[in-house]
Structure formats: structure tokens, C-alpha cells
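Report on the structure
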Amino acid sequence: MTTTRTTDPTAAVGLDDIVAAREVLAGVATYTPMEESRWLSDLAGGPVRLKCENLQRCGSFKIRGAYLRMSRLSAEERANGVVAASAGNHAQGVALAAQMLGIRATVFMPVGAPIPKEKATRGYGAEVLFHGGSVDEALGRAREYAAETGAVLIHPFDHVDIVAGQGTLGLELLEQSPGVRTVLVPTGGGGLLAGVALALKASDPSIRVVGVQAENAAAYPGSLEAGEPVALTSMSTMADGIAVGRPGDVPFAAVSDHVDEIVTVSEEMMSRALLALLERAKMVVEPAGAAAVAALMAAPGLVETPAVAVLSGGNIDPLLLGKVIRHGMAAAGRFLSLRVCVPDRPGGLAQLLVDVAGAGANVLDVWHERISPELRIDEVEVRIHAETRGDPHAADVIARLRERGYRVEETGPA
């Protein structure tokens, strides 16, 4: 829950600032669509809509704040260039804004940043350098670079212009979904959440604003409890877009004063949400972009409708997308990974496949292993990936195979 602060370093950011930011961003940021979601509405028992910022320029909301911040640099600052740190989305926003404004840009990315995000950032003309294993470590190097070269640091979330720029999404949301009662926003450092909350609460303080973090990279709950930003000691999440170890001072104040609740979601639930968005909404999103929908799916009864879930980004590595889809299917009981011991005799494998098909499962992949210390001399091991219709069907497939005399162990998806 939120805490009250006596001082507010975002006091200069108000509705007038966000409205002014919108004027600057006219013709730069796309007015992204708001889509009805029948399946989420049925789940929540009332209207639910999706704010599709995954369809924004550069594939995320980041262009809003990056362009506003950089458009206000002096001629001398522009001549010195800019530097940023990002796992990919802010990097692309900064790179595109720099290209549009004629500013030289250098971006530090953590080692292992998604290749498509790196290539897109280079494609917009920015120089990309790698440093550290997290956004926080890359940000530390970006600060050093700024001190060494005079380049202006374009922080991904900790600046009043960034917060005001991201807040323009909130203005669009109010126009597209009048009467909204709950808004769920994916949250890392808090720039988007702070800006959206400021815009919404200025219009209607009764709108419930919920920030959503990955449970293995959730810096806000502990920080709000402490009353100040507190850095995490470790993080582990596939949602690189919201993997931030310490909230920014600027957005933290706004989040403390204007956000009603911070919730966390598991990796499995983000996988399920990503898969559901792909299948049901025909929307490609990254794990961070699916976080708000994951929270709604995890606790639909706690969301007052009409509600809006923000899809904050759609930049996902195709290889990660395939892996997340498999995990999402497994979490939903639709992707079954089995290790089965079968008799080592002619026709043994063929009979196993007949038995799996007879249980109504669709075999996707098969691996055959003859040498293992866990096998008896008259056995071979077969690993199977199969598609099922959900948890009850998956359990029935396993039960039927055991009834047929197979030794069966369920394993995680590859």
C-alpha cells in the first residue's frame, strides 16, 4: 500500500505539465489504440480494456518521456550528446528521439540484453556499448560516461520530464475509457506508473491505480514500507523491461502519494498472460508488457471494473517468445513434458505413441535415450513433449500411461 510523504520532489509535475508535454509530443508519439477484451471482461465480471502501448513507436511507451526530455535540452547540451542505459526499450526511445532531434546518442546495455532491442537501437543511429549484468550496473557506467564526456544523461525514469512525458499515456487513457475505475500499470523504476497516476488522479482521485511488478524484481513494496527507495540485493526475471533494482527518487514520491497498491506477479503468470494475449487478443507483447494482464488474471475478483490493463511494450526476442509460449502452455496445463520408461523391444516406442494418442494428446517432440544409470537393462527412456487441453486432461494422460504400466515422470518444458 502507499505511504504519505511530507515532501514531494515531483511537486513541479502536475496536470498542466503533462498537458504541455502532450503538445510537444504531437506528431512524435502515436495515439495508441484501446482494445476491448471480452475474455478478460468475462474473467473480471465487468468491462476490461487494453491500452496497446506495444503498438507505440519503438514498441513501447518510452519514446514519450525520452523525446520530451531531449527536446528541452539547450543547444550546448545537444552539442555534447546524450547517454542512456537500458535493457532495450528506453534505449530505442532515446535513439529515435536523438535521430529526430539531430543529437549524438550513446547507450549502455547490460550484457545479455535482447539482440533485437540492441539491433533496433543501433538501427536508429545510436552507439551501443555493453556493461554489467543489469540495468542498474549499466546506469552506473552511463553516469561515469556523462561525467567523463559532458554528455547529458537521459535517465530511464528518474526525471520530471520523463514522468510528465509518460503521463501523456494517462491523458489518452482517460479519453478512451471514460468512467474507468481501475488501471493496472507494469512497473519497474516507476516513471510510467508515476506519470499515469498523476494524470488520472488529477482528473478523478477515486480511480484506483495499481502498479504491477515481477515478484523476483519488486523494489517498490520494500521501498514503500521503508518510506524511501531501497535497492534490491538481487533480481531474477525474464521481464527485462521492468527489472529495476531501485525506484527513482522522482517517481517514488508520486507513486507514494498517488498509487493505491503495488502487486507482484510470478514468472509463470506472466507467461500465461503473454500466451493468452497472443491467442485471444492477437497482441504480441514482451513479458513486462504482459504484467498488468497477469495481475488481473491472478486476482480478477479484486479488480473493480471498468478496468484498463496497460500493455507497456511489445519488444520481445523471437527465441524468448518461443520459450515463454512453451512455459505459458505448461503453466496452463496445455504443454506436457514427460520422461517415460518403455520396454526395450521392437515396437515399444510405437506402442507408447499409440497410447499417448489414445489419451487424446498431440505429440510435438520425441527424444530416445538408451543409456542412463536410472534405467533397467531392459528399458529405454523416451522424452515427450505433447499438447493437451488443460490441467485435467494432462493429469488424465499421465494416469492412463501409468495404468498401461509405464514409469512416467513429468518434467519442465525445455
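Going by the structure above, here's the rest.
Residues numbered from 1 in each chain as written. Predicted model: local features only at pLDDT ≥ 70, side-chain atom pairs only at ≥ 80, totals over all residues. Heavy atoms only, no water.

**Regarding the overall build of the protein**
- Each helix and strand in the protein was counted, giving 16 helices and 14 strands.
- For 414 residues, the compact-globule estimate of 2.2 N^0.38 gives 22 Å, and the C-alpha radius of gyration of the protein, at 24 Å, lies within 12% of that figure.
- Across its three principal directions, the C-alpha atoms of the protein cover 80 × 50 × 40 Å.
- When the 414 residues of the protein are sorted by exposure, 56% land in the buried category. (Helix = DSSP H or I, 4+ residues; strand = E, 2+ residues; numbered from the N terminus. Rg over C-alpha atoms; globule rule 2.2 N^0.38 Å. Buried < 20%, exposed > 50% of the residue type's maximum accessible area, 1.4 Å probe, protein only.)

**Some words on the pairing of strand β8 (residues 208-214)**
- Of all the seven residues making up β8, six are buried; the element is thus mostly covered by neighbouring parts of the structure.
- Looking at chain direction, strand β7 (residues 182-186) and β8 are connected through five bridges and run parallel. Paired with threonine 182 across the strands is arginine 208, a residue of β8.
- In the classification by handedness, the crossover that spans β7, the intervening helix α9 (residues 191-203) and the parallel β8 is right-handed. (Pairing = 2+ DSSP bridges. Right-handed = clockwise from strand over helix to strand, strands pointing away.)

**Here's the deal with the side chain of threonine 121**
- Examined against the element boundaries, threonine 121 turns out to sit in helix α6 (residues 115-123).
- Threonine 121 sits in the buried class, given a relative accessible area of 0%.
- Each residue touching threonine 121, except ones within four places of it in the same chain, is listed here: Gly88, Ala91, Gln92, Ala95, Val107, Met109, Ala126 and Val128. (Contact = heavy atoms within 4.5 Å.)

**A look at the environment of alanine 273**
- Within the element layout of this structure, alanine 273 appears in helix α12 (residues 267-281).
- When its relative accessible area of 0% is taken as the criterion, alanine 273 is described as buried.
- Taking the C-alpha atoms as reference, alanine 273 lies 25 Å from isoleucine 384; in sequence the two are 111 residues apart.
- For alanine 273, the contacting residues outside a window of four places in its chain are Ala290, Val293, Ala294 and Met297.

**Considerations on the pairing of strand β4 (residues 105-109)**
- Counting buried positions over the five residues of β4 gives five, a clear majority of the element.
- Burial of β4 is two-sided: the residues Ala105, Val107 and Met109 facing one way and the residues Thr106 and Phe108 facing the other way are all buried.
- The pairing of strand β3 (residues 82-85) with β4 spans four bridges and is classified as parallel. Bridge pairing in β4 links alanine 85 to phenylalanine 108.
- With helix α5 (residues 89-101) bridging β3 and its parallel neighbour β4, the resulting β-α-β unit is right-handed.
- Pairing of β4 with strand β5 (residues 127-130), which is carried by four bridges, proceeds in the parallel orientation. Note on β5: the bridge partner recorded for threonine 106 is glutamate 127.
- With α6 bridging β4 and the parallel β5, this β-α-β connection has right-handed handedness.

**Quick word on the packing of aromatic side chains**
- Enumeration according to the criterion identifies two aromatic pairs in this entry.
- Ring plane angle 65° and centroid distance 5.6 Å describe the contact between phenylalanine 108 and tyrosine 145, whose orientation is recorded as edge-to-face. One end of the pair, phenylalanine 108, is in strand β4; the other, tyrosine 145, is in helix α7 (residues 135-149), and 37 residues separate them in sequence.
- Ring geometry for tyrosine 220 against phenylalanine 252: centres 6.0 Å apart, planes inclined by 20°, an arrangement best described as stacked. Of this pair, tyrosine 220 sits in helix α10 (residues 220-226) while phenylalanine 252 sits in helix α11 (residues 249-258), and the two are 32 residues apart along the sequence. Phenylalanine 252 carries the same exposure label as tyrosine 220, and that label is buried.
- Cation over ring: lysine 51 sits above tyrosine 31, and NZ or CZ is 5.3 Å from the ring centre. (Phe/Tyr/Trp six-rings, centres within 6.5 Å; stacked < 30°, edge-to-face > 60°. Lys NZ or Arg CZ within 6 Å of the ring centre and 35° of its normal.)

**Comments concerning the state of the cysteines**
- Evaluated as defined, the whole model comprises zero disulfides.
- Free of any disulfide, cysteine 52 has its nearest cysteine sulfur in cysteine 58, 17 Å distant.
- Judged by its relative accessible area of 0%, cysteine 52 is buried.
- Note on cysteine 58: relative accessible area 9%, which makes it buried. (Disulfide = S-S within 2.5 Å.)

**Considerations on the sheet that holds strand β6 (residues 152-153)**
- Spatial ordering of the open sheet is given by β5-β4-β3-β6, a layout of four strands whose pairing is parallel. This sheet does not close on itself; its edge strands, each paired only once, are β5 and β6.

**Notes on the environment of glutamate 387**
- Checked against the element boundaries, glutamate 387 lands in strand β13 (residues 379-387).
- Residue glutamate 387 is classed as partly exposed on the basis of its relative accessible area of 30%.
- Sequence-wise, glutamate 387 and serine 206 are 181 residues apart; in three dimensions their C-alpha atoms are separated by 45 Å.
- Setting aside residues up to four positions removed in sequence, glutamate 387 forms contacts with Met329, Arg334, Ala361, Asn362 and Leu364.

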